[in-house]
Each structure stands twice: as structure tokens, then as C-alpha cells.
Amino acid sequence: MANFNTHLILAGMGNGLLASATIATSLSTTNEGMVLWLTGTIGGLLPDIDADNSSSLKVIFNCMALLLTMVIIVRLSHNHSLTLVWLIITGVYLSLRWLALPLFKQFTVHRGSWHSLLAGCTLSLLVTDIAWHVTGVSARFAWLLGIFLAIGYVIHLLLDEICAFDISGTRFKRSFGSACKPLSMSQPLASGIFLLSCAILIAWIPPVSVLKSILVTFTAISL
Ligand SMILES: [Zn+2]
């Protein structure tokens, strides 16, 4: 498997190129392009957060804490006391650090159901739906966020699979086939939860016509 830095660099490069294409074709503004780039890069780290002591896990949880802190400040600081805002931020951080993180470690196995195309699809739909229904961005940008997360995820899985090929000995390592799988057959319960989540999230997606127009624009790009 590739290490953290390789995943970070390749996901950053791949998504950076795609983000520049969305700006060039006016699919996104420059600011939106930067957010897409960041989203795709995070997507390139997500599959390895199932490894308990991985750098990806620390980065993603710290990003999540930062994002939640920003949301709390933006949403609450105008109409609530500073003491209450600070208490909520502290409570959210402690819950993430001492509750969500240990639970996540407890229920995930490295290279299990989290490290699959199904998980990437579910998380991409989740991001699209939250962006569309909760943050109120346009359907176009909501779809783009999901697409970029999915691309980052797939880059990571493919890279791990490529690294399972031992070039010097022209043979496959034992890990070959465990990185880029459609779903984890060894964890049927977790895979079932992902499938069910996917089905529910599909019911809340933005208009599909917007997704089609994005894909048409992408395929018409002339280099
Ligand atoms: Zn991996």
C-alpha cells in the first residue's frame, strides 16, 4: 500500500487538475474550485482512516473538529453568549476525541468495508446531500463536491492496488485485490449498512439533470 504522503500528493495533484478544469469551463468559480480541490484531496485520505494509528485518521478527525468549530462560531456567536459558544465547542471536541474516535476505531478494520468503492459512493452521496439540503449551495456545486470526493477516494484505492504489484519481482503481493474492491464480502453487516445508507441517500440527491449537464461539460473539455 502507498503511504500517507504519496496518497496526499497524488490526490492533491489529480484533484487540482480537475478543479482547474471546472474553473476553466465555468462549472465553478475560483473559490468553489479551491473547495473542490480540498474536498477531493480529503477524499484521497478517507479510505485509510480505518487504520487506527494512521496519519489519515488524525488529519480527518482534526479537519472535522475544525469544520464543526467554524460552523458553531458562524451559526451561534451572533445570538448566544461567548461562554455558551465556548462550552459547546469544548463539548463537541471532547465528544469527537473521547467518544466518536474510540467508537470508530472499535468498529472498523483496516482494509475492511471502509476501504471499498461502496463506501466511497456512500460518503460522496452523503456529502452531496448535506451540501444540497443543509448548507444550501447550488445543485451544481453539491454534485461537484460529491464527484470530487469520489474521485479522491478512487485515486486512493487504485493507488493502493497498483502498489500491490511488485515491479522488481513482477509478482502480486498478498494484499492484491483487497484495496479496490466493490464491497467487503468479509464484513457483510457493514457492507449491508453501507448499501442501505446508499439507497436512502439516493432518495435525497439533487436533480439528476444537473449531474448530466456537469458530465456533458466534462466530456466536452478540449485540452
Ligand atoms: Zn489505503
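Just so it is clear, the model here is predicted, and its values are computed rather than measured. Just so you know, the residues in each chain are numbered from 1, in the order the chain's sequence is written. The predicted origin of the model limits local features to residues at a pLDDT of at least 70 and limits the giving and counting of side-chain atom pairs to 80 or more, whereas totals for whole chains, interfaces and linings rest on all residues.

Peer 1: Would you take a moment to explain the overall build of the protein chain for this structure?
Peer 2: For helices the rule is a DSSP run of H or I covering at least 4 residues; for strands it is a run of E covering at least 2, with both sets numbered from the N terminus onward. The secondary structure content of the protein chain amounts to 8 helices and 2 strands. For the protein chain, the succession of helices and strands along the chain, N to C, is α-α-α-α-α-α-β-β-α-α. For a compact globule the rule gives 2.2 Å times the number of residues to the power 0.38, and the radius of gyration it is set against comes from C-alpha atoms. Against the compact-globule benchmark of 17 Å for 223 residues, the protein chain has a radius of gyration of 19 Å, which places it among compact chains. With the principal axes as the frame, the protein chain shows a C-alpha extent of 65 × 45 × 30 Å. Sorting the 223 residues of the protein chain into buried and exposed places 31% on the buried side. Long-range contacts, defined here as pairs at least 24 residues apart, represent 69% of the contacts in the protein chain between residues at least 6 apart. With C-beta atoms placed from the backbone, a residue is buried if 20 or more other C-beta atoms are within 10 Å of its own, exposed if 12 or fewer are, and partly exposed between those counts. Whether two residues are in contact depends on their C-beta atoms, placed from the backbone: they are in contact if these lie within 7 Å.

Peer 1: Explanation requested: the environment of Ile9 in the structure shown.
Peer 2: Residue placement: Ile9 occurs in helix H1 (residues 4-24). It is 40 Å that separates the C-alpha atoms of Ile9 and Leu84, two residues lying 75 residues apart in sequence.

Peer 1: Would you take a moment to explain the packing of helix H3 (residues 55-76) against helix H4 (residues 82-107) for this structure?
Peer 2: Pairs of packed helices are described in terms of their axes, by the angle between the two and the distance that separates them. The contact between H3 and H4 brings their axes to 10 Å, and the two run at 155°. With respect to H4, the element H3 is oriented roughly antiparallel. Considering only the axes of H3 and H4, their crossing is right-handed. Packed against H3, whose contacting residues are Phe61, Met64, Ala65, Leu68, Thr69, Ile72, Ile73 and Leu76, the element H4 presents Val85, Ile88, Ile89, Val92, Tyr93, Leu96 and Leu101 at the interface. Note on method: axes are straight lines fitted to C-alpha atoms, helices fitted across the in-contact stretch only, with angles between N-to-C directions ranging 0 to 180 degrees. Between 65 and 115 degrees an angle is taken as roughly perpendicular, under 35 as roughly parallel, over 145 as roughly antiparallel, and anywhere else as oblique. For any helix crossing, the convention is left-handed if the near helix is rotated counterclockwise from the far helix by under a right angle, and right-handed if that rotation is clockwise.

Peer 1: Help me understand the domain arrangement of the protein chain, please; the structure alone is not making it clear to me.
Peer 2: Where the parts come together, the accessible area they lose is often given as the size of the interface. An automatic or database domain assignment is the source of the domain bounds shown. Split by domain assignment, the protein chain resolves into domain 1 (4-51 + 110-219) and domain 2 (56-109). Computed over C-alpha atoms only, the centres of domain 1 and domain 2 are separated by 23 Å. Listed as interface residues are 11 residues of domain 1 and, on the opposing side, 7 residues of domain 2. Each residue gets one of three labels, nonpolar for Ala, Val, Leu, Ile, Met, Phe, Trp, Tyr, Cys and Pro, charged for Asp, Glu, Lys and Arg, and polar for the others, Gly among them. Considering only residue class, the side of domain 1 that touches domain 2 consists of 7 nonpolar, 2 polar and 2 charged.

Peer 1: How do you make sense of the packing of H1 against helix H2 (residues 30-43) when you look at a structure like this?
Peer 2: Running from amino to carboxyl end, H1 crosses H2 at an angle of 150°, the nearest separation of the two axes being 8 Å. In terms of axis orientation, H1 runs roughly antiparallel to H2. Judged by the sense of rotation from one axis to the other, the crossing of H1 with H2 is right-handed. Contacts from Leu8, Ala11, Gly12, Asn15, Gly16, Leu18, Ala19, Ser20, Thr22 and Ile23 of H1 reach H2 at Thr30, Gly33, Leu36, Trp37, Gly40, Thr41 and Gly43. A per-class count over the contact of H1 with H2 returns 7 nonpolar, 10 polar and no charged.

Peer 1: What should I look at first to understand the nonpolar core in this one?
Peer 2: It is characteristic of soluble globular proteins that their nonpolar side chains tend to be buried jointly. Core membership is restricted to buried Ala, Val, Leu, Ile, Met, Phe, Trp, Tyr and Cys residues, and these are joined into a nonpolar core through C-beta atoms within 7 Å. One finds Leu144, Leu145, Phe148, Leu149, Ala150 and Ile151 to be the most contacted residues of the largest nonpolar core, which totals 37 residues. Elements supplying a minimum of two residues to this core: H1, H2, helix H5 (117-135), helix H6 (139-163) and helix H7 (188-202). Per-element accounting of this core gives the leading share, 14 residues, to H6. Setting aside anything within four residues of it in sequence, one finds Ile151 in contact with Gly14, Asn15, Leu18, Gly40 and Gly43.

Peer 1: How do you make sense of helix H8 (residues 208-219) when you look at a structure like this?
Peer 2: Side chains three or four residues apart in an α-helix point the same way, a direct result of the helix having 3.6 residues per turn. An ideal rise of 1.5 Å per residue puts 16 Å on 12 residues; H8 measures up with 17 Å between its terminal C-alpha atoms. For H8, a buried count of 1 out of 12 residues is recorded, marking the element as mostly open to its surroundings. The length a helix should cover is 1.5 Å for every residue beyond the first.

Peer 1: Whenever I open this one, the environment of Ile60 confuses me. Can you help?
Peer 2: Inspection of the secondary structure assignment puts Ile60 in helix H3. Spatially, the C-alpha atom of Ile60 lies 7.4 Å from that of Ile42, the residues being 18 residues apart in sequence. Contact partners of Ile60, with chain neighbours within four places excluded, come to Ile42, Leu45, Leu46 and Ile49.

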